[in-house]
Amino acid sequence: MKVKKSVGYTPDNQALFDLNVNYPIQTRYIMSNIQSLSSDAQRQDYLDQLESEAIYIMREVAGQFERPALLFSGGKDSITLVRLAQKAFAPGKIPFPLVHIDTGHNFPEATQYRDWMANEVGAKLIVRQVEDTIKAKGLKEPTGKNASRNWLQTFTLLDTIEEFEFDACIGGARRDEEKARAKERIFSFRDEFGQWDPKRQRPELWNLFNGKISKGENVRCFPISNWTELDVWAYIEREKIPLPSIYFSHQREMILRDGNLLANADFIYKDDSDVIVNKTVRFRTVGDMTCTAAVESEASTIEQVVAEIKATRISERGETRIDDQQTEAAMEDRKKGGYF
Amino acid sequence: MSSAECRMKKTYSTFCTRHSTLNFDTMDILRFITAGSVDDGKSTLIGRLLYDTKSILADQLEAVEKASKTRGDGEIDLALLTDGLRSEREQGITIDVAYKYFQTPNRKFISIDAPGHIQYTRNMVTGASNADLAIILIDARQGVVEQTRRHSLITSMLGIPHIVVAVNKMDLVGYSEDTFLQIAQEYQKLADKLAIKDLKIIPVSALAGDNIVDKSEAMPWYTGETMLHFLENVDVQHDLNLNDARFSVQYVIRPQTEELHDYRGYAGRVQSGVFRKGDTITVFPSEQTSKIAKIEVYGQEVEEVSAPQSATILLETDVDISRGDLISGTGNSPVLSQDVEATICWMDDRKELKVGNKYTLQHGTTRVRCSVKGIEYRVDISNYEQLEDIESLKLNDVAKIVLRTAKPIAYDAYQTNRANGAAILIDETSNVTVGACMVEA
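From a predicted model like this one, the values you see are computed outputs, not experimental measurements.

**Focus on the confidence of the model for chain B**
In step 1: Counting all residues, the mean pLDDT for chain B is 88, and 91% of those residues have values of 70 or more.
In step 2: Low pLDDT, under 50, characterises residues 1-20 of chain B; the predicted model gives this stretch 38 contacts beyond four residues in sequence or across chains.

**Side note on the pattern of salt bridges**
In step 1: What the rule picks out here adds up to 47 salt bridges over all chains.
In step 2: Note that A:Asp102 is salt-bridged to A:Arg114, the shortest N-O span being 3.5 Å. With a gap of 12 residues between them, A:Asp102 in strand β3 (residues 98-102) and A:Arg114 in helix α5 (residues 108-121) connect regions that are remote in the sequence. Taken as a pair, A:Asp102 and A:Arg114 share a single burial class, namely buried.
In step 3: Across the pair B:Arg404 and B:Asp339 runs a salt bridge whose closest N-O atoms are separated by 3.1 Å. Remark: B:Asp339 occurs in strand β16 (residues 335-346) and B:Arg404 occurs in strand β22 (residues 398-411); sequence separation between them is 65 residues.

**A few points about the nonpolar core**
In step 1: Among the nonpolar cores identified, the biggest contains 183 residues, and A:Met58, A:Leu70, A:Trp206, B:Ile135, B:Tyr187 and B:Phe275 are the most heavily contacted of them.
In step 2: The element contributing the most residues to this core is helix α3 (residues 46-64) of chain A, with 10 residues.
In step 3: Residues contacting A:Leu70, with those up to four places away along its chain left out, are A:Met58, A:Ser78, A:Leu81, A:Val82, A:Ala85, A:Phe96, A:Pro97, A:Leu98, A:Val99 and A:Ile170.
In step 4: The next biggest cluster of nonpolar side chains, apart from the first, holds 24 residues, and it includes B:Val340, B:Leu387, B:Leu393 and B:Cys437.

**Thoughts on the pairing of strand β2 (residues 98-104) of chain B**
Residues and elements named next belong to chain B.
In step 1: The element β2 is largely enclosed, with a buried count of seven among its seven residues.
In step 2: The side-chain alternation of β2 yields two buried faces, one formed by Ala 98, Lys 100, Phe 102 and Thr 104 and the other by Tyr 99, Tyr 101 and Gln 103.
In step 3: Two strands pair when backbone bridges link them, and β2 and strand β3 (residues 107-113) are joined in this way by seven bridges, in the antiparallel orientation. Within the sheet, the bridge partner assigned to Gln 103 lies in β3 and is Lys 108.
In step 4: Hairpin remark: β2 followed by β3, antiparallel, with two residues in the connecting loop.

**Examining unusual backbone geometry**
In step 1: Cis geometry is adopted by the peptide bond preceding A:Pro91, which originates at A:Ala90 and carries an omega value of 0°.
In step 2: Each neighbour pair has its own omega, and for B:Phe284 with B:Pro285 the value is 10°, a cis peptide bond.
In step 3: With respect to the secondary-structure elements, B:Pro285 resides in the loop between β10 (280-284) and β11 (288-297).
In step 4: Despite not being glycine, B:Lys169 has its phi angle at roughly 65°, a positive value.
In step 5: Judged by relative accessible area, B:Lys169 falls into the buried class, the value being 17%.
In step 6: Despite not being glycine, B:Asn431 has its phi angle at roughly 65°, a positive value.
In step 7: Looking at where B:Asn431 falls in the secondary structure, it is placed in the loop between β23 (422-426) and β24 (433-440).

**What to know about the packing of aromatic side chains**
In step 1: Scanning the entire structure with this criterion turns up 18 aromatic pairs over all chains.
In step 2: On the numbers, 6.4 Å between centres and 75° between planes, the contact of B:Phe32 with B:Phe109 is edge-to-face. With B:Phe32 in strand β1 (residues 28-36) and B:Phe109 in strand β3, this residue pair connects regions lying 77 residues apart in the sequence. Exposure class is identical for B:Phe32 and B:Phe109. Each is buried.
In step 3: Taken together, A:Tyr56, A:Phe65, A:Phe187 and A:Phe209 form an aromatic cluster joined through their ring pairs.
In step 4: Seen from the ring of B:Tyr99, A:Arg175 lies directly overhead, with NZ or CZ sitting 3.6 Å from the centre.
In step 5: The ring of A:Tyr56 has B:Arg269 sitting right over it, with the charged end atom 5.2 Å from the ring centre.

**Observations concerning the environment of B:Gln271**
In step 1: Residue position: B:Gln271 is located in strand β8 (residues 265-272).
In step 2: The buried category is assigned to B:Gln271, whose relative accessible area is 12%.
In step 3: Taking the C-alpha atoms as reference, B:Gln271 lies 8.6 Å from B:Asn241; in sequence the two are 30 residues apart.
In step 4: Once you skip the residues sitting within four places of it in the chain, B:Gln271 turns out to touch A:Asn207, B:Arg246, B:Phe247, B:Ser248, B:Ala307, B:Gly364, B:Ala419 and B:Asn420.
In step 5: Reaching out from B:Gln271, the side chain makes a polar contact with the side chain of B:Ser248 at a distance of 2.8 Å.

About the cut-offs
Residues numbered from 1 in each chain as written. Chains lettered and ligands numbered in written order. Predicted model: local features only at pLDDT ≥ 70, side-chain atom pairs only at ≥ 80, totals over all residues. Heavy atoms only, no water. pLDDT = per-residue confidence, 0-100. Contact = heavy atoms within 4.5 Å. Salt bridge = Lys/Arg side-chain N within 4 Å of Asp/Glu carboxyl O. Helix = DSSP H or I, 4+ residues; strand = E, 2+ residues; numbered from the N terminus. Buried < 20%, exposed > 50% of the residue type's maximum accessible area, 1.4 Å probe, protein only. Core = buried A, V, L, I, M, F, W, Y, C linked by side-chain atoms within 4.5 Å. Pairing = 2+ DSSP bridges. Phe/Tyr/Trp six-rings, centres within 6.5 Å; stacked < 30°, edge-to-face > 60°. Lys NZ or Arg CZ within 6 Å of the ring centre and 35° of its normal. Polar contact = N/O pair within 3.5 Å; in protein donor to acceptor, adjacent residues only side chain to side chain.

This is the structure we're talking about:
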């Protein structure tokens, strides 16, 4: 093995790192160019940048996969995805179906909204019931206090992926939500069992997303990975996207349990320590009624909600997701098993 | 309670409303990576930035306090905020990149916490590839070490425009100016060999909070900016290449409805440069030319679009275009060739790259088969010298290689056009991304 001259010392060396010698000029001609741009192209604000990136990802999914689907729950994050998909393929229609895995424990307001929205954007809606999977597979359902079908959704989701041979599922997960999600790639590879292997994620370089897979495998794609909760709200406000009514202040019969307020419903197990109260609340996230806590709030417009989110001192999941309060690695374990 | 913890408590209790001063209309985004060796304090630095900008919420802080107590080391371990995987927490190391977000009134920050261990370098490259700025941490007690050299090489190779060297743990060397100057000088020597455009060296203590958000009282001899001040003010808008118009087609929009019967829009993202209505364009690789009839941004017509905006372009004439094609403005043309020279960072821990091997090359939105024609040299990480007569590349090797593609591709030099000069190699059997290529032209 012989040693060649050291990098960058000699001007005639055409090696890889010597470009810097006369490189800074780049920044200068770029500067002069920017000033000649007209106002609408001059500067994208930060929401434009996030939107542009998310739309790029949406189009990569549509371009790289044969049978993608968009996971749509009627929650604010997947509602944002639907808006982004509309914009990405305008004036055409969204070129993939919306899929909802219905636990049967959803807020009725969210499922109504789901149906309305799918119709509004002219997209095909596929709904699969966790109840059916439980019956067909003889799954054992968690019982007792704080029992949730959250984990069982995974079975139905994997069955649905198999049924329709989906090779990509677009999801509204954000990296700011939870520390295991903070680690996940934008194109997140799943093996034939739907599992995420956090220790062997594919390198993801620049904006070159690698969606190559073998049959039976699939990829979960997260276009709003880099958005925060506040970004989503700011975008909904800017785009004037209608939301399910539970995101705004309303009167509701609630179960007061361990300091959390849960919406009362017949299927929620209650015991003597639970107190039923009437409260003015809104929901900051929309999950299953069994594991989503409300916040007491008078905020009845999007502006008021955004103002409250700006001032809050508690994280979204910490405040509203009872399932994540249970162990430090709850999300990581669910994801390894195929959860979105 | 340790003194560092005391100070943290104080900062946190002065917490006021978190986002009340955000200027949504003028905010922009800065993506930065923290790199450096194991235990240089990368995760702690991010934790500190999050903490001092009041971006850690009460319940998250409580969880970290609880976990720190369980570990029994007395102090709040801010690294626990970013080490999101069970095995990371168990081993106390960072395995994969963690993304964290915080905001100050005029900027949204996407922080990318990269692993320090050599075997996870490919994850560091993943994080660095999209960064506008890199913070390279150096332990003031250790000075420049091998990982400093490796990460500096990678950041410069990736063309990250701004580098901040944080000489950390200054509290453990008595806040000594001499130590700082010595390390700064040593780093400057290293930087002279690399393509570093904008270099800043700051003495800090991430644990104690010196020169992170507030100026350190313990280092009156340092009169420069604090870390956050620099991050808030560094200009990234001008790092974009707005000179060479490139647009890679991701998807063809053809609604085929009655009212939009003849609509044919090429959806993609402006990789670099500016496109205006009426511009003459060339499509690669076919080299057909046409004119831009219309530019739409999500269904709305606009006069022009610039990088890095997503858009839809409609042409005046019928040209055969599909996903993978590149629309280029006239003026500087890309290179159209089947021969590609590139700097590569090899990322496969299972198989080596050997001359004659075949891969799929993904460049822009196109994928093409290629074979490795030769390895010109490998870079020795310790002194940046080029080693010749190399037969194969192992995990984390950096080298210059020559590829031959099955069909011509239209590329620019990475150093002047990051978007159209980047490519990845994909293993044809496992489908895994195995190489990061920076193309030369």
